[in-house]
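Chain residues, written in single-letter form:
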Amino acid sequence: MECTFSHHFTSSQMSFSSFFLWLLLIFSIISSCVNAFTGTYGINYGRIADNIPPPESVVTLLKAAKIKNTRIYDADRSVLAAFKGSGIEIIVGLGNENLKEISIGEDRAMNWIKENVQPFLPGTRISGIAVGNEILGGTDMELWEVLLPAAKNVYNALYRLGLHKTVEVSSPHSEAVFASSYPPSACVFREDVSQFMKPLLQFFSQIGSPFYINAYPFLAYKNDPEHIDLNYALFKSNAGIHDAKTNLRYDNMFDAMVDAAYFALEKAGFEKMQVIVSETGWASKGDADEAGATAKNARTYNKSLRKKLAKKKGTPYKPKTPVKAYVFALFNENLKPGPTSERNFGLFKADGSISYDIGFTGLIPSSAASISHLPFRGTGALGWLGSPAFTTCAATLFLIFRLLI
């Protein structure tokens, strides 16, 4: 009896130990499943203005609108402090002006992260660092050369700090990186860009980062209104286009732009990389030569885009991959240079009221108090357990477990 009891005790002890080790493995793997984007809808919070609400009011506005993802173009301390405890995912920007310095050495990146990112974690949910903005395809060739070294230094610094599994490293691109994007299946990277783009994509592929593209049907239409159907650009009923090579039909330009990026990635050897739209939007006002820049068109585009993203569906070429996008922009920015359209992309006016109605509630003074107390459905413990990232990781672990027992 003693030997039998001892045998059962040892077996039970071993089973418990094995179970405990499995628990550690499960949470270790889950922790590596980075999800820098909650849902499918995000917004760019630009601040080139002297009349927009303070960051604290912006948090209230985003909560009321149930927008859970935002991007800023720097790492402003007042913004990051205001977002503490909000549950909103925020991507910070490492400005183009900092790339040369950061590319020199990992210690420079480490200092930047220790000053601009680490002090705000985990209270502020900094989910990513965008290294530069629209570098490749731009005019500064020196920045082309330092983009990859800068991105590597940022990632390596995050790795040393143990933050690489929670803070994503990326770099958004403009449509200028493509040689052609019509029809979508013909899209390829420009030859001069490709020699810089491929090593960058190789690095992002290794660390699991997506490809971010700034896709603007508005700019395409503005530049060629004679040959582009406005309805096609605005998600309205139209004849669409047919891609003869793939036999796919596109009834809106946004989908075509996303799929064009997928085709370019595929031809470059990165067919598994996800595409996320880092900027898209429509100007509500413009100069006389800026075709289509009206409040009516802006409302149509942004309302239709919001409905599309809410459906969590894919594109004609990637129907099973939900499209994710950050809308540009939160506010009209009165100090932005360039044509009038540049200062009129905001879904909200400087005072926090809506620019036009697409279903959001603005910061109305008479009800500001009640808005600030609206319940916010952040990603708490239960919400996180029901997230796609958890579900995918859990399913994978279950299959592994079944194979081993």
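Quantities reported herein were computed from a predicted structural model and do not represent experimental measurements. (Residues numbered from 1 in each chain as written. Predicted model: local features only at pLDDT ≥ 70, side-chain atom pairs only at ≥ 80, totals over all residues. Heavy atoms only, no water.)

Further remarks concern the overall build of the protein. Helix and strand counts for the protein stand at 14 helices and 12 strands. Considering the protein as a whole, with its 405 residues, one finds that 48% of them fall into the buried category. Put simply, 69% of the contacts in the protein that link residues at least 6 apart link residues at least 24 apart. (Helix = DSSP H or I, 4+ residues; strand = E, 2+ residues; numbered from the N terminus. Buried < 20%, exposed > 50% of the residue type's maximum accessible area, 1.4 Å probe, protein only. Contact = heavy atoms within 4.5 Å.)

Turning to its location among the elements, N297 is positioned in helix α11 (residues 295-310). Side-chain polar atoms of N297 contact the backbone oxygen of G292, separated by 3.0 Å. In this view, N297 contacts L230, L234, W282 and G292; residues no more than four positions away in its chain are not counted. (Polar contact = N/O pair within 3.5 Å; in protein donor to acceptor, adjacent residues only side chain to side chain.)

This next bit is on the packing of aromatic side chains. This model, assessed by the stated rule, comprises 21 aromatic pairs. Of the aromatic side chains, those joined through ring pairs into one cluster are Y216, F218, Y221, F235, F254, W282, Y301, F328 and F345. The side chain of R47 reaches across the aromatic face of Y45, ending 5.9 Å from its centre. Over the aromatic face of Y262 sits the side chain of K318, whose NZ or CZ is 5.3 Å from the ring centroid. (Phe/Tyr/Trp six-rings, centres within 6.5 Å; stacked < 30°, edge-to-face > 60°. Lys NZ or Arg CZ within 6 Å of the ring centre and 35° of its normal.)

If you walk through the whole model with that rule in mind, you get 11 salt bridges. A single network of salt bridges, built from pairs that share partners, joins R47, D74 and D76. (Salt bridge = Lys/Arg side-chain N within 4 Å of Asp/Glu carboxyl O.)

It is the contact of helix α5 (residues 106-116) with helix α6 (residues 141-160), at a shortest axis distance of 8 Å, that shows an interaxial angle of 65°. Crossing geometry of α5 relative to α6 is assigned as right-handed. Only N153, V154, N156, A157, L158 and R160 of α6 make contact with α5, whose side of the interface consists of E106, A109, M110 and I113. Within the contact of α5 with α6, the residues separate by chemical class into 6 nonpolar, 2 polar and 2 charged. (Axes fitted to C-alpha atoms, helices over the stretch in contact; angles between N-to-C directions. Left-handed = near helix turned anticlockwise from the far one by under 90°. Nonpolar A, V, L, I, M, F, W, Y, C, P; charged D, E, K, R; others polar.)

This next bit is on helix α10 (residues 253-267). In a regular helix each residue adds 1.5 Å, so 15 residues correspond to 21 Å; α10 covers 21 Å between its end C-alpha atoms and thus fits that length. The buried fraction of α10 is high, at 13 of 15 residues. Where α10 begins, one side-chain oxygen reaches toward the backbone nitrogen of F254, 3.2 Å away; that side chain belongs to N252. In the stretch just after α10, G269 is the one whose phi turns positive, near 100°. (Expected span 1.5 Å × (residues − 1).)

With that settled, consider the confidence of the model for the protein. Put simply, the protein has an average pLDDT of 86, and 81% of its residues get 70 or more. This model gives residues 1-33 a pLDDT under 50, and the stretch forms 14 contacts once residues within four places in sequence are excluded. Counting contacts from residues 365-405, a segment whose pLDDT is below 50, to residues more than four positions away or on other chains yields 31 contacts. (pLDDT = per-residue confidence, 0-100.)

With that settled, the discussion passes to the pairing of strand β1 (residues 41-44). The side chains of a regular strand alternate between both faces of the sheet. A two-sided burial pattern is seen for β1, the buried positions comprising Y41 and I43 on one face and G42 and N44 on the other. By the bridge criterion, 3 bridges tie β1 to strand β12 (residues 325-327) in an arrangement that is parallel. Note that in β12 the partner of G42 across the bridge is Y326. As paired elements, β1 and strand β2 (residues 69-71) share 2 bridges and run parallel to each other. When the bridges of β2 are listed, I43 appears paired with T70. (Pairing = 2+ DSSP bridges.)

Right, let's get into the nonpolar core. Among the nonpolar cores identified, the biggest contains 109 residues, and I129, V131, V154, F189 and F211 are the most heavily contacted of them. Apart from the residues within four sequence positions on either side, V154 is in contact with L94, I102, A109, I113, I129, V131 and V169. One finds F37, Y212, I276 and Y326 within the second-largest nonpolar core, a separate group that totals 6 residues. (Core = buried A, V, L, I, M, F, W, Y, C linked by side-chain atoms within 4.5 Å.)

With that settled, the discussion passes to the side chain of N252. With respect to the helices, strands and loops of the structure, N252 is situated in the loop between β10 (248-250) and α10. A relative accessible area of 5% places N252 in the buried class. Within the local environment of N252, its side chain forms a polar contact with the backbone nitrogen of F254, the two atoms lying 3.2 Å apart. For N252, the side chain forms a polar contact with the main-chain nitrogen of D255, separated by 2.7 Å. Dropping the residues within four chain positions of it, N252 is found in contact with Y232 and F235.

A rise of 1.5 Å per residue sets the reference length of α6, with its 20 residues, at 28 Å; its end C-alpha atoms lie 30 Å apart and thus fit the reference within 8%. The largest bend in α6 comes to about 35°, at L147, with the proline P149 one to four residues further on. Looking at α6, one finds that the buried residues are L143, W144, V146, L147, L148, A150, A151, N153, V154, Y155, A157 and L158. Where α6 is buried, its residues touch β3 (89-94), α4 (99-104), α5, β4 (126-131), β5 (168-170) and α7 (191-207). (Bend = angle between axes of the 7 residues up to and from the residue.)

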